[in-house]
Amino acid sequence: MTRHIRHAALFCLLLLAALLVNAARVQVVRAPEYDANPANRRPDIARYQQPRGDILVGGRPVTGSRDTGEHLRFERTYRDGPMWAPVTGFASQEYGTTLLEHAEDGLLSGADPVLAPLPLWNDVTGARSPGGDVVTTLHAGAQRAAYEGLGRRTGAVAAIEPATGRVLALVSTPSYDPGELSGNGAAALRAWRRLNDDPARPMLNRAVRRTYPPGSTFKVVTAAAALDSGVVTDLDAPTRSPDPYPLPGTRTRLTNEVPGCADASLREAFERSCNTVFAKLGTEVGVPALAATAERLGFNDDGLRIPFPVARSTFDTSVDRAQLGLSAIGQYNTRATPLQMAMVAAAVAGGGQLRTPYLVERTTRASGSVVATAGSRPARQVMRPSTALRLKELMTGVVESGTGANAAIRGATVGGKTGTAQHGVGNSGTPYAWFVSWARGERDLEPKVAVAAVVEGTAADHGEVTGGGLAAPVARAVMEAVLRG
Amino acid sequence: MTQAGTGPGITVAAADAPAPVARLPRRRGIELALIVLAVLLSVCGYCAVGIARHGALPPGAAGYGAGLGVLALLAHLAVRLRAPYADPLPLPIGVLLNGLGLVLIYRLDLETPGDRAAPAQLVWSALGMALFTGIVLLLRDHRLLQRYTYVCVAAALVLLTLPILFPAVNGARIWIRVAGFSIQPGEFAKVLLAVFFAAYLAANRGALTYAGRRVWGMQLPTGRVLGPIVAVWLVSVGVLVLERDLGTSLLFFGLFVVMLYVATGRTGWIALGLLLAAFGAVAVARLEPHVHGRVEDWLHPFASIEAGLGANQLAQSLFAFGAGGVTGSGLGLGHSVLIGFAAKSDFILATAGEELGFLGLTAIFLLYALLVERGFRAGLALRDPFGRLLAVGLASLVALQVFVIAGGVTGLIPLTGMAMPFLAQGGSSVVTNWAIVALLIRLGDSARRQTTAPAAGA
């Protein structure tokens, strides 16, 4: 019997040994796989167990956190959500994060290792740092002016400080309240479905994620290329351009909305926005020079991050001469985001120097100590200073005596360019109204703000869609807000 | 620590016998020290939960420690009084596991404020320790149990069949409700059956060992003695089918096969037992949807996730173990409550695994292994067949139960609802396990007493 008791004991020992081996398999070998399983809610619980860091504008947070007392404890809240949504994006327990909430998620959620008091500290202790804050470059007044200026219309505004590249305003309408998506309940699901099904696409960030045909505002780029390349040397010399202008190699005759474009000088053509003159100039400058100028200004670049990605603005380089003529007046395959056109205005305002736009001034720990400071990026000379000087003159003329009179501000120098972009099959769509501009206050040494505003026309406008009429007042409100300080 | 002496009623060795046997250490001091350690560890765990959750010592820490300490001390005094030669390990192991179980249940209670299980578990623990004290005080010799062989089996069968009269709870018909208390009679039946098996096998060893025909090199038993085995098998399958309790059925059958093997030494029994078990298991897994589902879950624990239905209990349990890793999240800091239903009972080990880690789980398994080992050691030391078989049976009972439920929640074998001895919420289980420890104490005491009287074994 003794021998058999030993056998039975051995058997029981084997059972317990099997348990130990299996426990090691589950807890050590396969643990990473279990941790990564999407049905495992532990990472989410850890992520939402503390309030999320805030996004600040002008020293005040535009975000907040609400303690729900549920498993996923803290939910995101937003102050003036629709106005800031094109900057903040949303932070949802169910649908992930977008825009700044996404780009700075590691910092805001506290997961970023730079927040730890010591390297590897959180890895060893299993602790989580409190979420850090993101201080933006935005100008609250400019943002509100842009948002209220667009009102119920569909459109977008981007404003930059030319000397630094700081983004001052980034607005897209119609917008949405990102707070509706914060939770993970039925209300969030309903909001998610409603926003995604909405034909007005409220969650589309038109300021950076949508490209529009820039229309006549692109003439700033064409003029810069013509001046830089020496095709035009005298702003007031006749350009020997016919009206209408037959596009080379085709029977299409390009016309103008306004009279007085035949043989106009560059100044007259710019102030009146003569398509014929600029199409002809474009063909004379040629693809390489025009494309080079456009690309220096940021076209055909899909790597821009502010820190969330900006859609690629395009200038087609494989075009024939007729297509080049159309491209030079912001049609054909030329497309630009509002931010891109603000960069064009900023380059002119900055004396030919362009700084990469950025939205995050600095990031801080919950204690207030600085994690990282963006600082100003190095300036790139994208056109000759003399060219910029002459373009400033041209743009000032547009506001003082041309199509952009609606943007004039008392006691400030304002330069601008209107645009009315046709689009759709056979230009059947209601056009987009554009205005790009910059402004310098009386006591300022250099322009303080560059703006691009685009307003989508509606059928109710009865064909009265012009950049000067719809977009210039919005841009002026933004510039006034910045100049007021 | 090493108090030596002889208890009352011990025949002191004759003058011609060597001296050392007469001065056998009782080791009660070791037991007391270990009990103090076990109570302290439990109180530390209780405090750790409070600090982790509220940043302060829980208000009941002193009362909890005092309650557990007083109960353990009473049990210790009973052992000192009536089983002075007993093994010093089983009681402290029981106290530690029971204390840890209370900590884990208290910790899970914090997640379910409307459903507090720890107070009731504390009452049941007190009852269990009282039963322990009673058994140690009143059962002066384990051989007395042999007289009640058929009372035991009758009581066991009644207890087993009782729940059939009550409604099923969560698919299993293993509970009866009396005056608001849920009792699992099957738990008590385990000990009674172990006593019955030990007595029956001790009495019929000769007949069972007598070999029948030889088939394929194996000695088969004769038909006459095959009856009882078939009867037990039928009862097991009956329990399985009528109560849908795969775990208990597996436990009974495993217990019977182990004891039969130890009693007769016939591998033929083992082969026959495994054959019958395999047949029964396959048949039931095919026919019974509840059991079939458990097997499917075991084979594909994440099938429900892939089907878009979220993680089922087993998957949540595996997540909890995985989240614990090697060192664990710390008491009170895990999320094993995601398992949901039965987190405090069948799945209690997942909380231990997540919050104490692989290291803590290893410690718990080693405690069980030590308890089982002490049982087998008593079985080896005892001289009477009934005592030996009873010790082996009780030790195997603990080992098999730990294997069935711990293997189930860690995905080693199909999951069957069963209480983790001492740890899990469940009054019947705690009381039964204290009875098992009491019997092991009694058997250990007898085993060492007899060595002080070499004439008896000569």
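Residues numbered from 1 in each chain as written. Chains lettered and ligands numbered in written order. Predicted model: local features only at pLDDT ≥ 70, side-chain atom pairs only at ≥ 80, totals over all residues. Heavy atoms only, no water.

Under an unreviewed UniProt entry, the name given to chain B is Cell division protein FtsW, and the source organism is Streptomyces daghestanicus. Under the heading Subcellular location (unreviewed entry), UniProt records this for chain B: "Membrane". (UniProt positions renumbered as here; feature names shortened; annotations may be inferred.)

As annotated in an unreviewed UniProt entry, chain A is Peptidoglycan glycosyltransferase from Streptomyces griseoviridis.

> Which parts of the structure should I look at to understand the overall build of chain B?
Counting secondary structure elements, chain B contains 17 helices and 4 strands. For chain B, the proportion of its 458 residues judged to be buried stands at 55%. Restricting to contacts in chain B with at least 6 residues of sequence separation, those with at least 24 account for 73%. In the structure as shown, chain B presents an accessible area of about 18,300 Å², 68% of it carried by carbon and sulfur atoms. (Helix = DSSP H or I, 4+ residues; strand = E, 2+ residues; numbered from the N terminus. Buried < 20%, exposed > 50% of the residue type's maximum accessible area, 1.4 Å probe, protein only. Contact = heavy atoms within 4.5 Å. Areas by Shrake-Rupley, 256 points an atom, 1.4 Å probe, with all protein chains shown as cover.)

> Can you help me understand the interface of chain A and chain B in this one?
Where interface size is given, it is often the accessible area lost as the parts come together that is meant. Counting residues at the interface gives 33 residues for chain A, matched by 49 residues for chain B. Each partner contributes to the roughly 3,500 Å² buried at the junction of chain A and chain B, and carbon and sulfur atoms together form 75% of this total. Three residues stand out in chain A for area buried against chain B, namely Met1, Gln27 and Arg42 of chain A, and they jointly supply 22% of the buried area on that side. Between chain A and chain B we count 1 salt bridge in total. Between Glu354 of chain B and Arg42 of chain A there is a salt bridge; the shortest N-O distance is 2.9 Å. Our count for the contact surface shared by chain A and chain B stands at 8 residue pairs in polar contact (both at pLDDT 80 or more). The set of elements that each furnish at least two residues to the side of chain A that touches chain B consists of α1 (2–29), α2 (31–36) and α3 (42–47) of chain A. Among the residues forming the side of chain A that touches chain B, the class breakdown is 19 nonpolar, 8 polar and 6 charged. (Buried area = accessible area lost by both parts, 1.4 Å probe. Salt bridge = Lys/Arg side-chain N within 4 Å of Asp/Glu carboxyl O. Polar contact = N/O pair within 3.5 Å; in protein donor to acceptor, adjacent residues only side chain to side chain. Nonpolar A, V, L, I, M, F, W, Y, C, P; charged D, E, K, R; others polar.)

> What exactly am I supposed to notice about the domain arrangement of chain B here?
All names here are of chain B. Along its sequence, chain B is carved into domain 1 (1–138 + 301–458) and domain 2 (145–287). Of the roughly 2,300 Å² buried at the junction of domain 1 and domain 2 (both faces included), carbon and sulfur atoms supply 82%. When the area that domain 1 buries against domain 2 is broken down by residue, the three leading residues are Phe386, Leu389 and Leu397, summing to 28%. On inspection of domain 1 and its partner domain 2, the count reaches 0 salt bridges. Inspection of the region where domain 1 meets domain 2 yields 1 residue pair in polar contact (both at pLDDT 80 or more). Elements with a contribution of two residues or more to the side of domain 1 that touches domain 2: α15 (385–409) and α16 (427–451). Broken down by element, the side of domain 1 that touches domain 2 gets its largest block of residues, 12 residues, from α15. Across the side of domain 1 that touches domain 2, the residue classes break down as 16 nonpolar, 8 polar and no charged. (Domains from an automatic or database assignment.)

> Can you help me understand helix α15 (residues 338–349) of chain A in this one?
Because the α-helix completes a turn every 3.6 residues, residues three or four places apart line up on one side. Residue and element names in this part refer to chain A. With 12 residues, α15 extends 16 Å from end C-alpha to end C-alpha; this agrees with the ideal 16 Å at 1.5 Å per step. By the criterion of burial, α15 is predominantly enclosed, with 12 of the 12 residues buried. Among the residues trailing α15, Gly351 stands out with phi positive, at a value near 70°. (Expected span 1.5 Å × (residues − 1).)

> Is there a simple way to think about the packing of helix α5 (residues 149–161) of chain B against helix α6 (residues 185–203) of chain B in this case?
Geometrically, a packed helix pair is captured by the angle between its two axes and the distance between the axes. Residue and element names in this part refer to chain B. Two elements in contact, α5 and α6, have axes separated by 8 Å at closest approach and are oriented at 150°. Relative to α6, α5 is oriented roughly antiparallel. Every pair of crossing elements has a handedness; the one defined by α5 and α6 is left-handed. In this structure, α5 contributes Thr149, Tyr150, Cys152, Val153, Ala155, Ala156, Leu159 and Leu160 to the contact, and α6 contributes Pro185, Gly186, Phe188, Ala189, Leu192, Leu193, Val195, Phe196, Ala199 and Tyr200. (Axes fitted to C-alpha atoms, helices over the stretch in contact; angles between N-to-C directions. Parallel < 35°, antiparallel > 145°, perpendicular 65-115°, else oblique. Left-handed = near helix turned anticlockwise from the far one by under 90°.)

> Sorry, what's going on with the UniProt feature "signal peptide" (unreviewed entry) in chain A here?
When the UniProt feature table is mapped onto this chain numbering, "signal peptide" (unreviewed entry) sits at residues 1–23 of chain A. Helix makes up 96% of residues 1–23 of chain A and strand makes up 0%, while its end C-alpha atoms are separated by 33 Å.

> Teacher, can you tell me more about the state of the cysteines here?
Note on terminology: disulfide describes a covalent bond linking the sulfur atoms of two cysteines. A complete count under the given rule lists 1 disulfide over all chains for this structure. Here Cys261 of chain A is linked by a disulfide to Cys274 of chain A, with a sulfur-sulfur distance of 2.0 Å. Classification of the bridge connecting Cys261 of chain A and Cys274 of chain A rests on its S-S torsion, roughly -80°, and on that basis the disulfide is left-handed. Taken as a pair, Cys261 of chain A in the loop between β11 (253–254) and α11 (266–272) and Cys274 of chain A in the loop between α11 and α12 (275–285) lie far apart in primary sequence, 13 residues in all. The buried category is assigned to Cys261 of chain A, whose relative accessible area is 0%. Here Cys47 of chain B is not disulfide-linked; the sulfur of Cys44 of chain B is the nearest cysteine sulfur, at 6.5 Å. (Disulfide = S-S within 2.5 Å.)

> I'm lost on the pairing of strand β18 (residues 449–456) of chain A in this one. Help?
All names here are of chain A. Burial of β18 is extensive: 8 of the 8 residues sit out of reach of the surface. Neither face of β18 is open: one carries Val449, Val451, Ala453 and Val455, the other Ala450, Ala452, Val454 and Glu456, and all of them are buried. Of the strand pairs in this sheet, strand β8 (residues 154–160) and β18 are connected by 7 bridges, and their pairing is antiparallel. Counterpart to Val157 in the pairing with β18 is Ala453. Direction of pairing for strand β17 (residues 432–441) relative to β18: antiparallel, over a ladder of 8 bridges. Following the sheet pairing, Phe435 is matched in β18 by Ala453. (Pairing = 2+ DSSP bridges.)

> Please clarify how the packing of aromatic side chains should be interpreted in this entry.
Two aromatic rings, taken as a pair, are described by how far apart their centres are and by the angle between their planes. Evaluation of the coordinates by the stated rule reveals 18 aromatic pairs over all chains. Plain terms: the ring middles of Tyr34 of chain A and Phe302 of chain B are 5.7 Å apart, the flat faces sit at 85° to each other, and that makes the pair edge-to-face. Linking Tyr34 of chain A in helix α2 with Phe302 of chain B in the loop between α11 (289–299) and α12 (303–306), this pair reaches from one chain into another. Overall, Phe302 of chain B belongs to the buried group, its relative accessible area being 14%. Centre to centre, the rings of Phe197 of chain B and Phe256 of chain B are 4.8 Å apart; their planes meet at 55°, and the pair counts as tilted. You can see Phe197 of chain B sitting in helix α6 and its partner Phe256 of chain B sitting in helix α9 (residues 246–264), a full 59 residues away along the chain. Side by side, Phe197 of chain B and Phe256 of chain B carry an identical accessibility label, which is buried. Taken together, the ring pairs connect Tyr150, Phe196, Phe197, Tyr200 and Phe256 of chain B into an aromatic cluster. The lysine or arginine in question, Lys392 of chain A, covers the ring of Trp438 of chain A, its NZ or CZ lying 6.0 Å from the ring centre. (Phe/Tyr/Trp six-rings, centres within 6.5 Å; stacked < 30°, edge-to-face > 60°. Lys NZ or Arg CZ within 6 Å of the ring centre and 35° of its normal.)

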